[in-house]
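Each chain is listed here by its residues.
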Amino acid sequence: MKLSKSFETSMVGSFPRPAPVRDVFTSNSKIAPIKISTPGQVEEISVDIIKGDTKNKKNEHDVLINHESNGINEHLNSNYMDGLVKYAVLLQEIAGLDVVTDGEWRRQAYTHVIDDLCSGFTQDPRPGIRFGLIVTEPISAKSPGLLANDAKFLVNNSNRLTKISVPSPYILGARLWDPDYSTKAYPTREKFIDDLVPILNYELQQLVKSGIDIIQIDEPDMAVLLDPAKEPIYGDREYDLKLGSTKINEMIHGIDGARTAMHMCRWNSLNRGWHWEGGYEPIIETLKSINVNQFFMEFSIPVAGSVSILKELPEDKLIGLGCLDPRSELIPTAEDIVKRVEEALKYVSPDRIGLNPDCGFAPDIRHNIPLDECYAKLVNQVKAAKILESKHS
Ligand SMILES: [Zn+2]
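Just so it is clear, the structure is predicted and the values come from calculations on it, not from any experiment.

Colleague: Just to check I follow, could you spell out the overall build of the protein for this structure?
Modeller: Secondary structure summary: the protein contains 11 helices and 13 strands in total. Burial statistics for the protein: of 393 residues in total, 48% are counted as buried. Excluding contacts between residues fewer than 6 apart, the proportion of contacts in the protein whose partners are at least 24 apart in sequence is 78%.

Colleague: Quick question: what am I supposed to make of the environment of Val113 here?
Modeller: In this structure, Val113 sits in helix α4 (residues 113-117). Classification of Val113 as buried rests on a count of 23 C-beta atoms within 10 Å. Considering only alpha carbons, one finds Val113 and Leu147, 34 residues apart in sequence, at a separation of 8.6 Å. The residues contacting Val113, other than those within four sequence positions of it, are Arg107 and Pro167.

Colleague: Honestly, the confidence of the model for the protein in this entry has me stumped. Any pointers?
Modeller: As a general rule, the predicted coordinates of low-pLDDT regions are not to be interpreted in detail. For the protein, the average pLDDT comes to 86, and 86% of its residues sit at 70 or higher. This stretch, residues 28-38, has a pLDDT under 50; its non-local contacts, to residues over four places away or in other chains, come to 26 contacts. Below pLDDT 50 for its whole length, residues 40-74 participates in 72 contacts with residues either more than four positions away or in separate chains.

Colleague: Before we go on, may I ask you to explain the sheet that holds strand β5 (residues 99-100) in this structure?
Modeller: By definition, the strands of a sheet pair up through backbone hydrogen bonds, in either a parallel or an antiparallel sense. The strand order across the open sheet built from 7 strands is β5-β8-β9-β10-β11-β12-β13, with neighbouring strands paired in parallel fashion. Each edge of the open sheet carries a strand with a single partner, namely β5 and β13 (353-356). The pairing of strand β11 (residues 294-297) with strand β12 (residues 318-322) spans 4 bridges and is classified as parallel. Bridge pairing links Phe295 to Ile319 in β12. Contacts between helix α7 (residues 189-210) and the sheet are confined to β8 (161-167) and β9 (214-218), with β8 contributing the most and set at about 170° to the helix.

Colleague: Would you take a moment to explain helix α10 (residues 334-344) for this structure?
Modeller: Taken together, the buried positions of α10 are Ile337, Val338, Val341 and Ala344. When α10 is viewed along its axis, its buried side chains cluster within an angular range of 115° and face the same direction. Looking at the buried residues of α10, the elements they touch are β12, β13 and α11 (371-392).

Colleague: What is the right way to read the nonpolar core from this model?
Modeller: Here is a general trend for soluble globular proteins: nonpolar side chains tend to be buried in one another's company. Among the nonpolar cores identified, the biggest contains 106 residues, and Leu207, Ile215, Leu321 and Val341 are the most heavily contacted of them. The dominant element in this core, judged by the number of residues it contributes, is helix α3 (residues 79-95), at 10 residues. Contacts of Leu207, omitting those with residues within four sequence positions, involve Leu147, Ala148, Ala151, Ile164, Ile212, Ile215 and Ala258.

Colleague: Could you clarify how one ought to interpret the environment of Ile319 in this entry?
Modeller: Relative to the helices and strands, Ile319 is located in strand β12. As a C-alpha pair, Ile319 and Gln294 span 25 residues in sequence and 5.4 Å in three-dimensional space. Each residue touching Ile319, except ones within four places of it in the same chain, is listed here: Gln294, Phe295, Met297, Leu310, Val348, Arg352, Ile353 and Gly354.

Colleague: What should I look at first to understand the packing of helix α6 (residues 169-176) against α7 in this one?
Modeller: Direction vectors running N to C along α6 and α7 enclose 140°, while the axes themselves pass 9 Å from each other. Considering their axes alone, α6 and α7 lie oblique with respect to each other. Two packed elements cross with a definite hand, and for α6 against α7 that hand is right-handed. Of the residues in α7, those in contact with Pro169, Tyr170, Leu172 and Gly173 of α6 are Arg189, Phe192, Ile193, Leu196, Val197 and Leu200.

Calculation criteria
Residues numbered from 1 in each chain as written. Predicted model: local features only at pLDDT ≥ 70, side-chain atom pairs only at ≥ 80, totals over all residues. Helix = DSSP H or I, 4+ residues; strand = E, 2+ residues; numbered from the N terminus. Buried ≥ 20, exposed ≤ 12 C-beta atoms within 10 Å, placed from the backbone. Contact = placed C-beta atoms within 7 Å. pLDDT = per-residue confidence, 0-100. Pairing = 2+ DSSP bridges. Axes fitted to C-alpha atoms, helices over the stretch in contact; angles between N-to-C directions. Arc of directions from axis to C-beta. Core = buried A, V, L, I, M, F, W, Y, C linked by C-beta atoms within 7 Å. Parallel < 35°, antiparallel > 145°, perpendicular 65-115°, else oblique. Left-handed = near helix turned anticlockwise from the far one by under 90°.

Here it is as C-alpha cells:
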C-alpha cells in the first residue's frame, strides 16, 4: 500500500460545526432560516443549501439556509445537511488537501455514530458524567450500511481521495459501557466489545463497496496506555493493549480494497489541552501487531515524545504525521511545519509520510472553534507539503 504521493495532506476527520449544523442536533422543531458566514479567508465560496448546490462565486460570503422539516433524522439526510457537508468538503478542497472527509458533520461525536447505527443505547441520566451515552440493552444494527451511505455521498461529491472515520470497538467499550448501567445487557465490557466487532466489520465491508479510499479507525484510548505516570482507567495496561489491538485486527479482518488506518492521540480538550503524556515507546510493540496500513499519530505537542520512534515501525506502515496542534489557537507557519516534518524524515522516507493535524479539529459537537482558524492551519499545512515536495521528492 502506498500514499497517493509523498507528503499527502489531510485532516484527521472533524471540522468544527457551524451554527446551522449544531442546530440540527439541538432543535427538534422547525429550523428557521439561518445565515452561515464562510470563513473570512475563503472569499470565493457560495453554497446554496436549499438546492444542495455548491459553487464558487466572488463576493458572496453568506449562505442562506431556508429548509424546514421536523426531526433530527430527517435533517441528517436532507438537502439541508447535504449542502452543509458539500460546504465542508469544498473548504478542504480550496485549502488544497489531497484527502477530504465530510467533517463528521452528520455526527454528534466521533463515537456516538454507533447510536445512529445500532439500537441498545440510552442517554446517560447523569449530566456531565462520562460521555453522555451508555449501552443499556443488547445491541443490534438498526441502520446497517449507514457509514457507507455517508461515504457514498462524499465519494460522489469530490474528486479528491476520500476518508471516513469509524470508532474502534475498544474505545466504544471504554466509553459507552458503564458498570452501573450496562451490566444487565453486558456483564462485562469485553462482551459488549465482542458484540460490536461483527457489526463494525460489516460496516467496513460496505465502506469498501462505497468506493471510499481510506477507512480510519479512531482509537485515542490507546494513548491512555502510554502514559507511564498515570494508572490506566481499567487497571491492566498489558491486558488492555492486547484487547484493543486484537479487536482492531478482528474488525478489519477480510477488509481489502481500501487503505486502513488508525488514529491515536492524547485526547483533545481543545484549549484545555491534552490529558495523557508520553512518547509511543510503551505501545510501539502493540502498534507493530496491528494490521492497518497507516497510523495517524500525534507529534506536534511537547508531550508526544520523540519522532525517532518512527524508525521502529515496519517499512510497510504509512504515517499520518501530526504536524500541527488543533487544540491551540496558534497558527503554525509553513516553515514551522516543514521543520517538524524534516525531523521525521531522518527516520522515515518521504513516500511514507502524510501531513495532518494531531487530531480532529472538533471530535464532538461541543467543540466550537472558529472555522477560520482551522482553515488557516490547513492552508499552511498544504504550503508546507509543497515546500517539502520541492526539496525531497
Ligand atoms: Zn484524536
